[in-house]
Amino acid sequence: MSLDGTYDDGNIFAKILRGEAPAARVFEDDHVLAFMDVFPQSRGHTLVIPKHSVARNLLDEDPGVLANVILGVQRVTRAVRAALNPDGIVVTQFNGAPAGQTVYHLHFHIIPRWEGVALGRHGAGGMADPGELKVLAAEIAAKIS
Ligand code: AMP
């Protein structure tokens, strides 16, 4: 899928937002929902998405909405740090299939990193255990401030 196109509300994140698909939810406010990535590139890989948006990518997003989304990303990133004590944290975002995007609802990845632990490949890892994701989600949620 290219950078141009129409938002499809059948995408998996839209289904999660509507409660039609399961997710290990971490946090939500009026603007964003955060939940665990089911194919994590590292332990604690978390996604943050706008709740009221039909932006497929960063370029589509209304600047006013985006401001609240990035504040949510910072808030959740701080909670990931407090919960898991990583040595570093990647915050990333992909636009268009050639860039690696696979789900076409704007989202940010929060990927904790530890010294000496290799990063899993984007879109190529195994599915995480749902019970473990639930525990991680609760640990991160407990550190939201
Ligand atoms: P991207 O490739 O940047 O579009 O990122 C999409 C991300 O969503 C990938 O890291 C996937 O592992 C993740 N993902 C796909 N389906 C689900 C799902 N049902 N619940 C949580 N994460 C998902």
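The structure we're discussing is the one just above.
Since we're looking at a predicted model, the values are computed, not measured.

Right, let's get into the side chain of Gln 41. Position of Gln 41 among the secondary structure elements: in the loop between strand S2 (32–36) and strand S3 (46–50). At a separation of 3.2 Å, a polar atom in the side chain of Gln 41 contacts the side chain of His 122.

Bringing the side chain of Ser 42 into the picture now. Mapped onto the fold, Ser 42 is located in the loop between S2 and S3. According to the relative accessible area criterion, Ser 42 is buried, its value standing at 12%. Not counting residues up to four positions away in its chain, the partners in contact with Ser 42 are Ile 111, Pro 112 and Trp 114.

Inspection of every chain in the model, using the stated rule, returns four salt bridges. Residue Glu 20 pairs with Arg 18 through a salt bridge whose shortest N-O separation is 2.9 Å. Since its relative accessible area comes to 51%, Glu 20 is described here as exposed. Exposure remark for Arg 18: the relative accessible area of 40% places this residue in the partly exposed category. Residues Glu 28 and Lys 51 are paired through a salt bridge, measuring 2.7 Å at the closest nitrogen-oxygen approach.

Around the ligand, the structure places 17 residues, and the nearest of them are Asp 37, Thr 102, His 107, His 109 and His 122. At a separation of 2.5 Å, an oxygen atom of the ligand approaches a polar side-chain atom of Asp 37. A distance of 2.9 Å separates an oxygen atom of the ligand from a polar backbone atom of Val 103. In the complex, 90% of the free accessible area of the ligand, which totals 500 Å², lies under the protein chains. Here the ligand is seated within the largest pocket. Among the elements that make up the shell around the ligand, the one with the highest residue count is helix H1 (residues 12–17) (three residues). Considering only residue class, the shell around the ligand consists of ten nonpolar, six polar and one charged.

Calculation notes
- Residues take numbers from 1 onward in each chain, read along the sequence in its written order.
- Residues qualify for local features only when their pLDDT is at least 70, as the model is predicted, and side-chain atom pairs are given and counted only at 80 or more; totals for whole chains, interfaces and linings, by contrast, use all residues.
- Only hydrogens and water are set aside; all other atoms, that is, all heavy atoms of the structure, feed into the side-chain values.
- Every helix listed is a DSSP run of H or I at least four residues long, and every strand listed is a run of E at least two residues long, numbered separately from the N terminus.
- In protein, a polar contact requires one atom able to donate a hydrogen and another able to accept it; more generally it is a pair of N or O atoms within 3.5 Å, and residues adjacent in sequence count only if both atoms are side-chain atoms.
- The classification of residues rests on relative accessible area computed with a 1.4 Å probe and restricted to protein chains. Under 20% of the type maximum is buried, over 50% is exposed, and intermediate values are partly exposed.
- Any two residues whose heavy atoms approach within 4.5 Å are treated as being in contact.
- The salt bridge criterion pairs a side-chain nitrogen of Lys or Arg with a carboxyl oxygen of Asp or Glu, the two atoms within 4 Å.
- Here a residue is considered near a molecule or strand provided that any single heavy atom belonging to it is located within 4 Å of it.
- Only the protein chains shown count as covering a residue, and every accessible area follows the Shrake-Rupley method with a 1.4 Å probe.
- For cavity detection a 1 Å grid was placed over the protein atoms alone, and a set of points counts as a cavity when a 1.4 Å probe fits there but cannot get out; an open set counts as a pocket when protein lies on both sides within 12 Å along at least five of seven lines, with lining residues being those that have an atom within 4 Å of a point.
- To be counted as sitting in a cavity or pocket, a molecule needs more than half of its atoms within 2 Å of that site's grid points.
- Amino acid classes used here: Ala, Val, Leu, Ile, Met, Phe, Trp, Tyr, Cys and Pro are nonpolar; Asp, Glu, Lys and Arg are charged; the rest, including Gly, are polar.

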